[in-house]
Every structure is written in C-alpha cells, then in structure tokens.
Amino acid sequence: MNLDIRLPIGFMFTLFGVILAAYGLLSNPQIYDRSLGINVNLEWGIALILFGAAMFILGWRRAPRQQR
Amino acid sequence: MNLTTIDWIIMLLYFTFVLGIGAFLKRYMKTSTDFFLAGRALPAWICGLAFISANLGAQEVIGMAASGAKYGIATSHFYWVGAIPAMVFVGIFMMPFYYGSRARSVPEYLRLRFDEKTRGLNAISFAVMTVFSSGISMYAMAKLIQTLHILDAPLAKIGLPHYWSFHISILISALIVLAYVLLGGLTSAIYNEVLQFFLIVAGFLPLVLLGLKNVGGWTGLKSQLPSAFTHSWEGMGSAHTNPLGVEWFGLVMGLGFVLSFGYWCTDFLVVQRAMAAESMTAARRTPLIAAVPKMLFPFLVILPGMIAIALPTPRQVTTTSQAASGVQALNTEGKGLIPAKIDETTGAPVLDNDGKPVLDYDLAIPNMLLRYFPTGILGLGLTALLASFMSGMAGNVTAFNTVWTYDIYQSYIHKGGSDQHYLRMGQIATVFGIALSIAAAYATTRFNDILDFLQLVFAFVNAPLFATFLLGMFWKRTTGHGAFWGLLSGICGAAVHHGLTLPAGAAVGINGGWIATVHVYPSAMAQNFWTAIWAWVVCFFVTIAISLMTRPRPDSELTGLVYSLTQRPGEGHLAWYDRPAYLAVAVVVLAFALNLVFR
C-alpha cells in the first residue's frame with residue numbers, strides 16, 4: 001500500500017494542535033474557569049503538535065524505502 | 001450547548017481527513033481481495049489498533065462510562081477478565097487456522113472445517129446482526145446529537161426546525177461512512193479506525209486528567225466513593241455482596257470464558273482486521289498488540305464515569321434534554337454529574353419501583369465533556385465521540401459486505417462469477433447494508449420492544465459459538481452434523497434457560513421467566529452470564545455426542561484446519577520482541593498485575 005497512515009495522522013494532529021494552541025493564546029482566559037484554570041487549549045494543543053510531528057517524522061523516514 | 005466556530009473547524013477538518021483517506025485509497029481498489037481483505041498487506045500495528053477501534057463503538061465509550069458510574073471499577077472485569085485473555089487466545093491459538101486456511105471470512109472457515117449448513121447458519125445470523133448493530137450505533141449517535149442540541153443553532157440558521165437534527169445526523173453519518181467504505185473498502189475502514197483510535201485518546205485523555213485533578217487523584221476519588229466502587233474484586237465471593245450482583249464463578253466462566261471468547265475469537269467484525277494482516281506472524285500479533293491499549297482503556301472510558309458520579313451534585317442539575325413542550329426540564333434528583341432520566345413524553349423524571357428517580361447514566365461522558373472542556377478542546381472531545389460512533393458503524397458495514405458477498409451471494413445466489421463481478425457486488429452490498437442500517441435505526445425509534453427482543457435473540461445465537469470453534473479447531477473428530485446441531489441446541493439451551501429464570505425485581509416477559517420461573521438471579525447481569533454458560537455447555541456436549549455418531553472426515557481434508565493436523569507456525573527466525581508467544585506472556589502478566597493493583 002502506498003499510503004503510510006502515519007502521514008495523514010501526523011498531519012491531522014499537528015493541524016489540530018496548531019489550531020488549539022493558537023486559540024489558547026488568543027482566547028479570553030475566563031473560559032478556562034471550567035477546566036480548573038488550566039489553559040487546556042494551549043497545553044493540549046502543544047501536546048498534539050508534538051505527537052503529530054512524531055508520527056509525521058516516523059512516516060516520512062519510511063517513505064523512501066517503500067519506493068523499491 | 002454552544003459550539004463556536006473553532007469547534008466546528010475541528011469537526012469539519014476531521015471529516016475532511018476521513019474522506020480524503022478514502023479518496024486517496026480508491027486507486028488501489030482493483031480486486032475483490034483489495035476491497036474485502038485490504039489486499040492482506042497491512043502491518044500488525046495498524047491491524048491491531050483497528051482491531052480494538054472497530055469494537056470501540058457507541059456501546060464501548062458511552063456504555064462503559066455509564067457502567068463505571070453505576071458499578072465503579074468492577075466494570076474493568078469486562079477488560080481484565082473478559083477481553084484480554086480472549087484476545088491472547090485468538091492470537092496464539094486460533095489465528096493459525098483463520099489466517100493459515102486462507103478463509104476469507106469466519107463463516108468461510110466453518111465451511112472449510114465443517115459443511116455448508118453450519119456456514120449458512122453463521123453467515124445469515126451474522127449478517128442480520130451487523131446490520132442491526134450498525135443501525136443501533138447510528139440511532140445512538142443521532143439521539144445524542146439531538147439531546148446535546150449540537151445541530152440546533154446551525155439548523156435555526158438555515159430555517160429548519162430543531163427536530164430535524166435527528167434525521168440530519170443519521171443522513172450525514174451514513175453518507176460519510178458510505179463514502180469512505182465505498183471508496184477504499186476495508187483498507188479505508190481500517191486506516192480510519194486507526195485515526196479514530198488516536199482521536200479518541202486525544203479527546204478523552206485530557207478529560208480524565210482534568211477530572212482526576214479535580215477530585216484529588218485516585219486517592220481523592222477513593223474517598224468520595226463507596227469502597228466496592230474502587231476495588232474490583234471486593235465482595236465477589238457472593239452475588240449479594242457486590243455491585244454487579246454476580247459471584248466470581250459466574251463472572252469468570254460467563255463473562256471471562258463464554259461471552260468474551262465467543263466475541264473476540266469468533267466475531268468476524270474483529271477477526272476480519274487480523275485477516276487483513278500482511279503475514280501469519282502479523283495476523284497473530286494483531287490481537288496481542290491490540291490487547292495492550294485495550295488493557296488501558298478502563299482508565300479512559302470507565303474513570304470518567306466514576307468521576308462523574310463522585311463529584312458533588314450541583315444544586316440544580318439541568319438535564320441537557322428538552323421536554324416536548326420546549327420548556328427546559330429541571331432536575332434536582334441527579335447524582336454527581338448524572339441527571340435523572342426524563343420521560344420524553346411527560347417531561348417528568350422516570351421513577352423506579354421504590355419511587356426513586358432512575359439515573360441516566362448514558363449522559364456521564366457528555367456531561368463530563370460539558371463540565372470540563374471550554375470551547376476549542378470541546379470540539380476535539382465531541383469529534384472523538386462522533387469518531388467512536390462512526391468506527392463502530394464502519395466496522396459493521398465492512399464485515400457485512402464481506403459476509404454477504406462471499407458467504408451468501410457467492411455461495412447461494414451466484415456461483416462462479418468473475419472477481420470484478422464480486423467486487424461490484426461488494427460495493428452494492430455496502431450501499432444496501434447502510435440503507436438497511438438506516439431502516440434499523442428508524443425501527444429502533446418506533447419499536448423499542450422489538451429491538452430488545454432482537455438483541456436477546458442475538459445473545460442466544462452468539463453464546464454457544466465458541467464451543468463449536470473450540471471443538472472444531474482442537475478435536476479433529478468433530479463433524480459438520482455435530483457442529484450444526486450442537487449450535488442449534490446451544491441456541492435453544494440459551495432460550496430455555498432464559499425462559500426459566502428471572503433477575504430479581506424484574507417482570508416476567510422480555511426479562512425472562514416466560515416459560516416458568518424456577519430460579520431468580522440477583523441481577524440481570526448474572527442471568528445473562530449464566531444463560532451463556534448454559535448455552536455453551538449444551539452446545540459442547542451435543543456437538544460431541546452427535547460427532548461420535550456421525551462419520552468423521554478423513555485427516556487429509558482437515559490439514560490446516562485442525563490443531564493436531566497443522567504444522568505450528570515457527571517463531572524461531574523472529575527477533576524475541578517480534579515473537580507472538582513472548583508478547584502474549586507479557587500481556588497476560590500485565591493484565592494479572594492490573595487485577596491485583598485494583599483488587
């Protein structure tokens with residue numbers, strides 16, 4: 001199969017992470033009352049970017065070998 | 001519920017990726033093997049994640065959290081006693097026959113091992129069951145979207161009344177699943193299941209972390225809940241001293257052995273994922289790899305339910321449902337974040353026999369999401385929830401189109417067609433499988449009783465299956481007549497046992513006792529487990545008896561289908577970390593340790 005699923009997964013989660021983290025930086029801190037004062041959008045957004053990037057790199061490194 | 005643009009963007013992005021993967025895979029769908037078996041070319045970790053994700057439907061996420069709120073950590077028995085040992089067994093002992101026989105489906109294995117009638121019985125009951133399961137998944141999702149008022153605002157914007165949200169939810173989810181299964185077949189379903197797996201973790205992990213932080217961690221949670229809620233084996237000596245209402249023997253035999261092995265080892269929905277693996281070793285490792293995250297799922301799906309019930313009850317819990325009159329129904333009878341169940345027609349709380357309000361445990365997860373997630377991550381959490389519903393649906397649809405095409409259409413309707421003909425049939429089957437699921441979803445809204453009845457019949461049909469497979473795979477003397485009549489008697493055995501027993505406090509009828517009540521179980525769960533045990537025992541002995549009376553098949557025909565006549569797949573050439581046996585031991589030790597820690 002010529003699609004390494006890690007590429008779209010990595011891409012999607014990086015995108016989600018960027019959106020959440022950016023929103024976390026811009027949003028009104030008051031909305032974080034319900035999440036115990038933690039800016040979950042920013043923190044989880046960064047976590048998702050790291051996960052997405054890791055998946056993407058893993059998929060990318062394998063890509064050349066697939067084109068035997 | 002107020003979703004903002006950011007939540008919608010996340011949801012729409014996810015749908016774009018789901019459809020994009022399907023569209024990308026379309027070019028590889030050339031033969032029926034590509035479509036139904038993903039070309040048997042996927043690595044073990046992908047199949048493994050799809051293996052659990054296909055099972056991670058509505059029942060799992062919503063239901064396990066509900067059960068966590070109702071029974072506490074004892075719900076983990078469904079994982080650490082139920083699923084894990086069965087997953088290890090199917091990987092180590094059964095996969096060599098499923099994968100090695102080159103059968104394309106579980107019913108086809110029955111055809112190879114036994115005969116046409118055993119296959120027919122299994123194929124037809126399975127096909128009907130998948131259509132209904134996918135319909136129920138669709139119904140549950142539409143109902144939830146309606147209850148949470150997710151679509152109300154966008155509908156109002158385009159001038160449609162809010163009650164359309166049910167129809168639109170069904171239509172959209174059906175179309176999305178239809179599109180990606182039709183485009184990329186099983187590969188697309190499996191790839192999307194992997195995506196959904198990560199999404200569910202990404203959406204629910206922050207929920208659990210926030211909830212735990214709020215109640216003061218596991219110690220804090222323990223201090224808020226009765227002791228039996230945080231100790232899974234407490235009071236399991238007798239059915240009357242634990243929240244499940246079932247004693248350890250019924251639990252281990254009924255749930256751990258009969259029901260779990262019956263599901264994980266014989267249900268084509270999950271086995272199909274392992275059959276798509278690239279090699280025998282990959283197929284055997286599929287359920288073992290799946291077992292690792294499966295073992296940790298209680299923390300993701302049961303804990304939120306326990307946290308929801310442990311939190312202090314807000315003074316006025318507003319249920320998220322709206323009464324028919326349009327007036328917001330208030331509820332002061334909830335517990336923690338769990339509201340009382342509201343009767344849809346009267347708008348009053350539903351009361352049980354003692355006059356106490358019945359809690360709507362199914363709202364544990366949605367209410368947790370609303371309680372802790374601000375806009376932004378709320379979109380992610382809801383998307384994860386929708387993803388779980390859709391993975392359950394797609395799993396059923398792909399299993400249905402395969403069994404329909406190979407085991408029903410090719411065997412009984414049109415033999416000897418070209419491969420392209422069956423590929424085409426598979427695509428058509430996908431369309432009418434989904435159409436039938438929609439019909440099933442609507443039937444559920446109208447005739448709830450018929451649905452309860454059907455689920456009961458499915459339970460009877462499934463209970464004895466594992467006895468047939470166990471004998472078929474490990475005792476070469478088992479004959480086709482034995483298997484068929486054993487299965488039928490097992491199904492009847494289940495029905496008779498159900499007809500003769502009743503859970504405490506239940507009315508005679510759909511709950512049991514419709515022949516005569518000779519025994520009363522402390523809970524419906526106990527009755528359910530013992531029905532399965534009876535079905536299994538009846539099937540096991542009838543199969544043996546009839547097999548001994550009928551003529552066995554010669555050994556030469558059974559090579560590759562029976563344990564004693566099949567060469568064991570060698571593991572010697574593999575690195576130690578790739579060997580299924582080592583992986584299996586690690587999984588069993590871990591599951592045992594989890595039971596000890598949370599005993």
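Residues numbered from 1 in each chain as written. Chains lettered and ligands numbered in written order. Predicted model: local features only at pLDDT ≥ 70, side-chain atom pairs only at ≥ 80, totals over all residues.

Visitor: Which parts of the structure should I look at to understand the overall build of chain B?
Guide: When you go through chain B residue by residue, the secondary structure sums to 22 helices and four strands. Computed over its C-alpha atoms, the radius of gyration of chain B comes to 24 Å, within 12% of the 25 Å expected for a compact globule of 599 residues. Counting only C-alpha atoms, chain B reaches 75 × 55 × 50 Å along its principal axes. For chain B, the residues scored as buried account for 57% of the 599 residues in total. Contacts in chain B between residues far apart in sequence, at least 24 positions, make up 77% of those at least 6 positions apart. (Helix = DSSP H or I, 4+ residues; strand = E, 2+ residues; numbered from the N terminus. Rg over C-alpha atoms; globule rule 2.2 N^0.38 Å. Buried ≥ 20, exposed ≤ 12 C-beta atoms within 10 Å, placed from the backbone. Contact = placed C-beta atoms within 7 Å.)

Visitor: Can you help me understand the packing of helix H20 (residues 480-500) of chain B against helix H21 (residues 524-549) of chain B in this one?
Guide: The geometry of a pair of packed helices is captured by two quantities: the angle between their axes and the separation between those axes. Residues and elements named next belong to chain B. The interhelical angle for the contact between H20 and H21, taken along N-to-C directions, is 150°, at an axis separation of 7 Å. On the basis of their axis angle, the class for H20 and H21 is roughly antiparallel. Pair H20 / H21 crosses with right-handed handedness. Of the residues that constitute the contact of H20 with H21, the class distribution is 13 nonpolar, eleven polar and no charged. (Axes fitted to C-alpha atoms, helices over the stretch in contact; angles between N-to-C directions. Parallel < 35°, antiparallel > 145°, perpendicular 65-115°, else oblique. Left-handed = near helix turned anticlockwise from the far one by under 90°. Nonpolar A, V, L, I, M, F, W, Y, C, P; charged D, E, K, R; others polar.)

Visitor: Which parts of the structure should I look at to understand the packing of helix H7 (residues 116-147) of chain B against H20(B)?
Guide: Residue and element names in this part refer to chain B. Two elements in contact, H7 and H20, have axes whose closest approach is 8 Å; the angle formed by their N-to-C orientations is 30°. As judged from the angle between their axes, H7 and H20 are roughly parallel. Between H7 and H20 lies a crossing of left-handed hand. On H20, the residues touching Lys117, Thr118 and Leu121 of H7 are Gly480, Ala483, Phe484 and Leu487. Of the residues belonging to the contact of H7 with H20, the class tally is four nonpolar, two polar and one charged.

Visitor: Teacher, can you tell me more about the confidence of the model for chain B here?
Guide: Close inspection of predicted coordinates is inappropriate in any region flagged by low pLDDT. Residue and element names in this part refer to chain B. Taken residue by residue, chain B gives an average pLDDT of 87. The fraction at 70 or more is 96%. The secondary structure element of chain B with the lowest average pLDDT is strand E2 (residues 328-331), at 42, and the one with the highest is H20, at 93. Below pLDDT 50 for its whole length, residues 317-331 participates in 32 contacts with residues either more than four positions away or in separate chains. As a predicted assembly, this complex carries a pTM of 0.90 together with an ipTM value of 0.93. (pLDDT = per-residue confidence, 0-100.)

Visitor: I tried to follow the domain arrangement of chain B on my own but got confused; where do I start?
Guide: The accessible area lost on association of the parts is a frequent measure of interface size. All names here are of chain B. What the domain assignment reports for chain B is domain 1 (5-26 + 41-311 + 375-446) and domain 2 (459-568). Taking only C-alpha atoms, the centre of domain 1 and the centre of domain 2 are 25 Å apart. Listed by partner, the interface residues are 29 residues for domain 1 and 24 residues for domain 2. Of the residues forming the side of domain 1 that touches domain 2, the biggest block, eleven residues, is contributed by helix H12 (residues 248-266). For the side of domain 1 that touches domain 2, the class distribution of residues is 16 nonpolar, ten polar and three charged. (Domains from an automatic or database assignment.)

Visitor: Can you help me understand the interface of chain B and chain A in this one?
Guide: Opposite the 29 residues of chain B that make contact, chain A presents 23 residues. For the side of chain B that touches chain A, the elements supplying multiple residues, two or more each, are helix H1 (5-25), helix H9 (164-215), helix H15 (364-372) and helix H16 (377-413) of chain B. With ten residues, the top contributor of residues to the side of chain B that touches chain A is H9(B). A per-class count over the side of chain B that touches chain A returns 23 nonpolar, four polar and two charged.

Visitor: Please explain the environment of Trp233(B) as it appears in this structure.
Guide: All names here are of chain B. Looking at the element boundaries, Trp233 is found in the loop between helix H11 (227-230) and H12. Residue classification places Trp233 among the partly exposed positions, given that 19 C-beta atoms sit within 10 Å. When the C-alpha positions of Trp233 and Trp248 are compared, they lie 8.4 Å apart, and in sequence the two are 15 residues distant.

Visitor: Please clarify how helix H19 (residues 465-474) of chain B should be interpreted in this entry.
Guide: Along an α-helix, a turn takes 3.6 residues, which lines up residues three or four apart on a common side. With nine of ten residues buried, H19(B) is to be regarded as a mostly interior element. Among all positions in H19(B), only Leu465(B), Phe466(B), Ala467(B), Thr468(B), Phe469(B), Leu470(B), Leu471(B), Gly472(B) and Met473(B) are buried.

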